[in-house]
Amino acid sequence: MTTRFRKNIFAFTFLLSACGLTTMSSKACGDYYDGHSNTGLNITGRAERTVKSDRAVLRLTISVSGDCYKELLQKLDKQIKELKQFWIKMGVKSDMIHEDNRTDIRISDLEYGSDKKQNKYSIQCTIVVTMDDLDMASDVQKKTNTLVEKGFVFSQQNLDYFYTKAAELQKELTKEALKDGEKTATENAHILGLSIEKVPTNISTSNLGCASTYSNPSPYARGWGGGSTNIENKFTVLVDMNYAFKKDDQKGEKAQESSEDDGAETQDSSEDDGAESNGQDDAQG
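Quantities reported herein were computed from a predicted structural model and do not represent experimental measurements.

Thresholds, definitions, all that
- Residues numbered from 1 in each chain as written.
- Predicted model: local features only at pLDDT ≥ 70, side-chain atom pairs only at ≥ 80, totals over all residues.
- Heavy atoms only, no water.
- pLDDT = per-residue confidence, 0-100.
- Contact = heavy atoms within 4.5 Å.
- Phe/Tyr/Trp six-rings, centres within 6.5 Å; stacked < 30°, edge-to-face > 60°.
- Helix = DSSP H or I, 4+ residues; strand = E, 2+ residues; numbered from the N terminus.
- Buried < 20%, exposed > 50% of the residue type's maximum accessible area, 1.4 Å probe, protein only.
- Axes fitted to C-alpha atoms, helices over the stretch in contact; angles between N-to-C directions.
- Parallel < 35°, antiparallel > 145°, perpendicular 65-115°, else oblique.
- Left-handed = near helix turned anticlockwise from the far one by under 90°.
- Nonpolar A, V, L, I, M, F, W, Y, C, P; charged D, E, K, R; others polar.
- Expected span 1.5 Å × (residues − 1).
- Core = buried A, V, L, I, M, F, W, Y, C linked by side-chain atoms within 4.5 Å.

(A) How the structure looks around the confidence of the model for the protein chain. For the protein chain, mean pLDDT is 75; residues scoring 70 or higher make up 64% of the total. Segment residues 9-37: pLDDT under 50, and eight contacts once partners within four positions in sequence are set aside and those in other chains are kept. Across residues 214-224 the pLDDT falls below 50, and counting only partners more than four positions away or on other chains, this stretch makes 22 contacts in the model.

Rendered as structure tokens:
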């Protein structure tokens, strides 16, 4: 193999590599640089509104323990009935009190890690109280806790606030977010000296987020559905969308460039004709 042949091989290999890289880069960036591809503006429309919850939910777990399973079931049933009557007298609607029939039953002879004998049975039942009057919710919770003096044991309880019209609110905020996205896209395109199509090429699903108005370290970290410990909460809808640039603007630029080129050619042609005419006149003279 001669030195000249080796140089030709290396040059040919380098040329193939360069062509391959050029093709790959063109495919990777074509959607961005090609004027007829998916170019445009990726915009996130946003709308938010602070809303007061319209429902309070008190969840508590009542617990009984002892050595006789039958007696415990009777005691639990009696205390649940007393609780319902207690809440109804306070103004809670009877159909807003829900008892969970899935009781939690624990059976044990000894305390964990010791030889001390404990109650053989422990039964827990969860009750959910829903209230439309938010002002009475905290009062109901406080007065319910006074029943511990009568032998009631509440192993767990919490009070949360909900907004029952979140689905309707999401629809309203989505419309506002779409308008906000269109406005933002129009303003950004104007800065570039372009205009956008009236209808977006792509719209993603709207996302509804909820954050407390009192403490808001991460406003979009959690979605709505689990309730909130605050009565007022800020709801936010975010919608991702894409707006394409108008092709008429690109055609107008090309037409302007073409007219400028035609004008230059016409001027050059007229200058050449004038030069030829002056030459003929000089020859006749």
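(B) Local environment of the packing of aromatic side chains. Here the structure, examined in full by the defined rule, presents three aromatic pairs. Taken together, a centroid distance of 6.1 Å and an interplanar angle of 25° make the contact between F152 and F154 stacked. Centroid distance Y163 to F235: 5.8 Å. Interplanar angle 55°. Geometry classified as tilted. Linking Y163 in the loop between β6 (154-162) and α4 (166-191) with F235 in strand β9 (residues 232-243), this pair joins segments that are 72 residues apart in sequence. Judged by relative accessible area, which is 17%, Y163 ranks as buried. With relative accessibility at 1%, the residue F235 sits in the buried group.

(C) Layout of the packing of helix α2 (residues 69-89) against helix α3 (residues 134-145). For the pair α2 and α3, the least separation of the axes is 11 Å and the interaxial angle reads 140°. The angle between α2 and α3 places the two elements in the oblique class. Where α2 crosses over α3, the handedness of that crossing is right-handed. Along its contact with α2, which presents L83, F86 and W87, the element α3 presents V140, K143 and T144. Taken together, the residues of the contact of α2 with α3 break down into four nonpolar, one polar and one charged.

(D) α4, seen in detail. Here α4 contains 26 residues, and its C-alpha end-to-end distance of 37 Å stays within 8% of the 38 Å for a straight helix at 1.5 Å per residue. All of the buried residues along α4 are A166, L169, L173, T174, A177, G181, A185 and A189.

(E) Summary view of the nonpolar core. Among the nonpolar cores identified, the biggest contains 27 residues, and I62, L83, W87, V92, I127 and M131 are the most heavily contacted of them. Of all elements in the fold, only β2 (55-66), α2, β5 (121-131), α3 and β6 reach the threshold of two or more residues within this core. In terms of residue count, β5 provides more of this core than any other element does, six residues in total. Aside from chain neighbours lying at most four places away, what touches V92 is W87, I97, V129, T130, M131, M136 and V140.

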